[in-house]
Amino acid sequence: MPAMLRAPIDAPVSDDFHSHHPPERLARIALLRAICLALVLGLITVGLLWELRLAPLPGGSGGLALKVLPLVLSLAGLMRHRLYTFRWLSLLVWLYVTEGLMRGVSDATLAGRACAWTEVALATALFVACAVYVRLRLKVLPPKDKGTHQDQASAPEARP
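This is a predicted model, so every value here is computed, not measured. All residue numbers refer to positions counted from 1 along the written sequence of the respective chain. Side-chain atom pairs in this predicted model are given and counted only at pLDDT of 80 or more, local residue features only at pLDDT of at least 70, and totals for whole chains, interfaces and linings cover all residues. With hydrogens and water stripped out, all remaining heavy atoms of the structure feed into the side-chain values.

### Considering the environment of I35
Selection rule: Going along the chain from the N terminus, every DSSP run of H or I of four or more residues is numbered as a helix, and every run of E of two or more is numbered as a strand.
As for its placement among the helices and strands, I35 is situated in helix 3 (residues 23–54). C-alpha of I35 to C-alpha of A125: the two residues are 90 residues apart in sequence and 9.2 Å apart in space.

### Overview of the side chain of T85
Note the threshold: Per-residue accessibility, obtained with a 1.4 Å probe over protein chains only, is compared with the maximum for each type, and a residue is labelled buried under 20%, exposed over 50%, and partly exposed between these values. What makes two residues a contact is simply this: any of their non-hydrogen atoms within 4.5 Å.
Position of T85 relative to the elements: it lies in helix 5 (residues 83–106). Using a relative accessible area of 8% as the deciding quantity, one classes T85 as buried. Apart from residues lying up to four places away in sequence, T85 is in contact with S74, G77 and L78.

### Brief notes about the side chain of R33
We apply this condition: Counting of polar contacts relies on pairs of N or O atoms within 3.5 Å, with two restrictions inside protein: one atom must be capable of donating a hydrogen and the other of accepting it, and residues adjacent in sequence are counted only when both atoms are side-chain atoms.
Here R33 is to be found in helix 3. A polar contact of 2.5 Å, which involves the side chain of R33, links it to the backbone oxygen of M79.

### Quick word on a nonpolar patch on the surface
How we decide: Patch membership requires over 30% relative accessible area and the absence of a salt bridge. Like charges are linked within 9 Å, and nonpolar side chains (Val, Leu, Ile, Met, Phe, Trp, Tyr) within 5 Å. For accessible areas, the Shrake-Rupley method is used with a probe of radius 1.4 Å. Any residue's cover is judged against the shown protein chains and nothing else. A carboxyl oxygen of Asp or Glu within 4 Å of a side-chain nitrogen of Lys or Arg is what we treat as a salt bridge.
A contiguous nonpolar patch, built from L69, V72 and L73 and spanning about 280 Å² of accessible area, is present on the exposed surface. When you line up the elements, L73 lands in helix 4 (residues 69–79). Look at L73 and you get exposed, because its relative accessible area is 60%.

If you want it as structure tokens, here you go:
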């Protein structure tokens, strides 16, 4: 069995992941991952409660609750710091924003509108958290100095 499958959820993805970041950035990355997990769980909860209990569509069977399935599938990747998961999740959340905006202005019930606007807020916050997470994870090299000796060496020398 591969080592990744045997590792606990809180185990680092690889030594490279921890070796390229200073401890304070690792703390921010861990905090952002926790925020992303909380927001995804919040979206799952709102989606299920909305479609099954609080304000299901009239005449609906609750089948629209399946919309949370992609969010459930993202949980494993989020727990394991999979950068790819954070990237595709930051694109997926716009479907939830769109649905929330559409149903927020068109739903006849107050509970339905409240669920819709809650979904918009959670999905927008999730996008921001995922984007910041990805940016921090990809920030591994120190910024280049503008006046390095390498730049000066590549410039043509002035001839007297």
